[in-house]
Amino acid sequence: MSRLVNAFSYSHSRGELFRSCPRRYWFVRYGSWGGWERDADPETREIYRLNKLSNRYLWTGHHVHEAVRLLVETVREGRPLPPPETLREELLAVFRREFAHSRKDRSGLNPVRKGFFGLLEHEGGAFAIDDAEWKPTVERALSAIEGFSRSWVLPEIAGLPPGDLLDRDTELRTALLSVDGRAVPVHLKIDLAFRSRSGDVCVLDWKTGRPGKAGDHDRQLGLYAWYFEGERGIPVESLRLGPVYLAYRPDRRETVTVSREEVEKVVEEARATIREILSCVDDPDRGVARKERFPVTLRPFDCRDCPFTRFCPDRPR
Ligand code: SF4
């Protein structure tokens with residue numbers, strides 16, 4: 001069987017990762033590559049395992065996204081939503097099962113679901129947290145799933161013609177961005193996009209965390225706008241984009257328009273980040289990159305939730 005090739009591609013989250021710590025980007029994109037192979041060396045195997053770990057925020061956020069995706073499907077099919085207590089119980093059951101699995105089995109050899117190898121907090125040491133610290137995160141996820149039922153979005157998508165629901169977190173979208181003559185695949189996961197009754201296209205991103213500052217999501221949403229115009233033929237002027245804070249204020253419509261200049265600025269920033277990453281990579285087509293070419297962050301704060309500290313003696317202290 002031919003081996004997978006680690007060819008270069010980009011996404012908003014990879015850009016954020018590189019901007020926070022180029023070395024951590026290396027661990028995620030190159031150091032862990034091939035760690036699933038039988039003949040992988042022990043260090044690569046361990047880096048791969050660590051890379052597969054989740055943390056309590058990503059883990060609960062993932063399940064909220066999954067649950068909301070199924071609820072959108074339910075609405076699309078014209079079926080009633082399950083009662084909030086049922087949604088809550090189902091989500092809690094998943095959390096309990098995976099939490100127990102993660103705490104019991106840190107081997108990463110028997111994932112309870114594809115891609116879930118355990119929680120970083122269960123690695124112990126600096127990552128360990130008190131039992132009481134799990135509760136607020138789980139409660140927030142449960143509030144988020146209830147929040148969907150109260151969100152401003154629900155009445156908007158109920159009864160929409162099928163063709164007006166343009167994206168619902170079911171597949172990874174990819175568009176090519178030209179960077180100095182190289183066509184770089186840019187991956188996007190769009191939580192929800194639909195043509196509203198007024199004719200605008202709403203592009204939404206579910207958030208389970210606390211609302212941050214205005215503009216926090218500009219880069220992410222700007223890339224979505226670039227994608228919708230270039231790949232789906234929807235002019236930037238027709239788009240309204242924004243986050244939906246499911247656990248905090250799901251009833252508040254926070255979509256905004258973006259100007260063509262703002263989109264171009266975001267795309268230029270993405271190009272600049274891609275150039276910077278590529279300047280560190282030896283062979284982007286074959287996935288060859290040396291660790292020492294990816295500098296460590298200068299901010300110890302960036303290391304607080306990094307699973308690779310054990311393999312990173314150069315980290316700031
Ligand atoms: S431990 Fe710190 S410096 Fe090292 S890869 Fe992680 S975030 Fe970067």
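Source: prediction; values computed, not measured.

Definitions and cut-offs
Residues numbered from 1 in each chain as written. Predicted model: local features only at pLDDT ≥ 70, side-chain atom pairs only at ≥ 80, totals over all residues. Helix = DSSP H or I, 4+ residues; strand = E, 2+ residues; numbered from the N terminus. Rg over C-alpha atoms; globule rule 2.2 N^0.38 Å. Buried ≥ 20, exposed ≤ 12 C-beta atoms within 10 Å, placed from the backbone. Contact = placed C-beta atoms within 7 Å. Domains from an automatic or database assignment. Pairing = 2+ DSSP bridges. Axes fitted to C-alpha atoms, helices over the stretch in contact; angles between N-to-C directions. Near = placed C-beta within 6 Å. Nonpolar A, V, L, I, M, F, W, Y, C, P; charged D, E, K, R; others polar. Core = buried A, V, L, I, M, F, W, Y, C linked by C-beta atoms within 7 Å.

**Student:** Would you mind showing me how to read the overall build of the protein chain here?
**Tutor:** The secondary structure content of the protein chain amounts to nine helices and seven strands. Relative to its length of 317 residues, the protein chain is compact, with a C-alpha radius of gyration of 21 Å against a globular reference of 20 Å. Each of the three principal axes of the protein chain carries a C-alpha extent, and together these read 55 × 50 × 45 Å. The buried share among the 317 residues of the protein chain stands at 29%. For the protein chain, long-range pairs separated by at least 24 residues make up 66% of all intrachain contacts whose partners lie at least 6 apart in sequence.

**Student:** In this structure, what is going on with the domain arrangement of the protein chain? I would like to understand it.
**Tutor:** Often the size quoted for an interface is simply the accessible area lost on bringing the parts together. Taken domain by domain, the protein chain holds domain 1 (21-151 + 305-311) and domain 2 (156-258). Look at where the C-alpha atoms of domain 1 and domain 2 centre, and you get two points 24 Å apart. Across the contact, 18 residues belong to domain 1 and 15 residues belong to domain 2. Breaking the side of domain 1 that touches domain 2 down by element, the ones donating at least two residues are helix 4 (56-76) and helix 6 (134-150). Take the side of domain 1 that touches domain 2: its biggest share by element is 10 residues, from helix 4.

**Student:** In this structure, what is going on with the sheet that holds strand 4 (residues 182-188)? I would like to understand it.
**Tutor:** The pairing of strands in a sheet comes from backbone hydrogen bonds and takes either a parallel or an antiparallel form. Pairing is mixed in the open sheet, where three strands are placed in the order 1-4-3. A single partner strand is all that each edge strand has here, and the edge strands are strand 1 (10-11) and strand 3 (173-179). Bridge analysis of strand 3 against strand 4 gives seven bridges, and the strand direction is antiparallel. Paired with Ala-175 across the two strands is Val-186, which belongs to strand 4. Sheet contacts for helix 9 (residues 260-280): strand 1, strand 3 and strand 4; angle to strand 3, the most-contacted strand, approximately 75 degrees.

**Student:** Hey, could you run me through the site of the ligand in this one?
**Tutor:** Around the ligand, a shell composed of 13 residues is seen, among which Cys-21, Val-296, Cys-303, Cys-306 and Cys-312 lie nearest. A per-class count over the shell around the ligand returns seven nonpolar, two polar and four charged.

**Student:** What's the story with the nonpolar core in this structure? I'm lost.
**Tutor:** One recurring pattern in soluble globular proteins: nonpolar side chains tend to sit buried together. Counting 66 residues, the largest nonpolar core has Ile-145, Val-203, Tyr-224, Ala-225, Leu-239 and Leu-246 as its most contacted members. If you count residues domain by domain, this core takes at least three from each of domain 1 (21-151 + 305-311) and domain 2 (156-258). If sequence neighbours within four positions are ignored, Ile-145 has contacts with Val-64, Ala-67, Leu-87, Arg-88 and Leu-91.

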